[in-house]
Amino acid sequence: MNIGLIAHNAKKKLMQNFCIAYRGILSKHELYATGTTGRLIEEVTNLNVHKYLAGHLGGAQQLSSQIEHNQIDMVIFLRDPHKPSSHEPDISNVMRLCDTYNIPVATNLATAELLIKALERGDLDWRQYV
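Residues numbered from 1 in each chain as written. Predicted model: local features only at pLDDT ≥ 70, side-chain atom pairs only at ≥ 80, totals over all residues. Heavy atoms only, no water.

Caption draft 1: The arrangement of the side chain of K12 in detail. Structurally, K12 can be placed in helix 1 (residues 12-21). Of the side chains with opposite charge, D80 lies nearest to the buried K12, which makes no salt bridge, at 11 Å. Residues within four places of K12 in sequence aside, it is in contact with A7, T36, T37 and L40. (Helix = DSSP H or I, 4+ residues; strand = E, 2+ residues; numbered from the N terminus. Buried < 20%, exposed > 50% of the residue type's maximum accessible area, 1.4 Å probe, protein only. Lys, Arg positive; Asp, Glu negative; His and termini not counted. Salt bridge = Lys/Arg side-chain N within 4 Å of Asp/Glu carboxyl O. Contact = heavy atoms within 4.5 Å.)

The following block contains the structure:
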């Protein structure tokens, strides 16, 4: 499965810790992330991450394009609800497209853990047939 990973600046450390904790599961899948987030994940996990541009430089738009072409199966976007980013319209578009194309998306740690456990159990295998 292809997994998109995005994290606001205040949540990047949390994303790193999430990827460390679930490295075994994530290593079985293709990971895609905005530039800085992808680099930080690679540094602490040794996982291979396909990196887009930084989110504010078009990385969110690149992820959106893959979602539109049914090339992403799940998105984990750890967002900071208290501090909207300057490229919030691009991020909102990612979530809108996930809703449009029926892509599971998590925007907080609790939901991300539910999705990653579901992925491990095979609950998301239906995405292979979409």
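Caption draft 2: View of the pattern of salt bridges. Counted according to the given criterion, the structure contains three salt bridges. For the salt bridge of R39 with E43, the shortest nitrogen-to-oxygen distance reads 2.8 Å. Of the two residues, R39 and E43 both sit in helix 3 (residues 35-45), four residues apart, roughly one turn of that helix. Taking relative accessible area as the criterion, E43 reaches 51% and is therefore assigned exposed.

Caption draft 3: The pairing of strand 2 (residues 30-33), seen in detail. Inspection of the sheet shows strand 1 (residues 2-7) paired to strand 2 by four bridges, in the parallel sense. Residue pairing for strand 2: L5 is matched across the bridge by A33. Sheet topology places strand 2 next to strand 3 (residues 49-51); three bridges connect them, and they run parallel. In the sheet register, A33 faces strand 3, and the bridge partner there is K51. Regarding topology, helix 3 serves as the crossover connection from strand 2 to the parallel strand 3, and that connection is right-handed. (Pairing = 2+ DSSP bridges. Right-handed = clockwise from strand over helix to strand, strands pointing away.)

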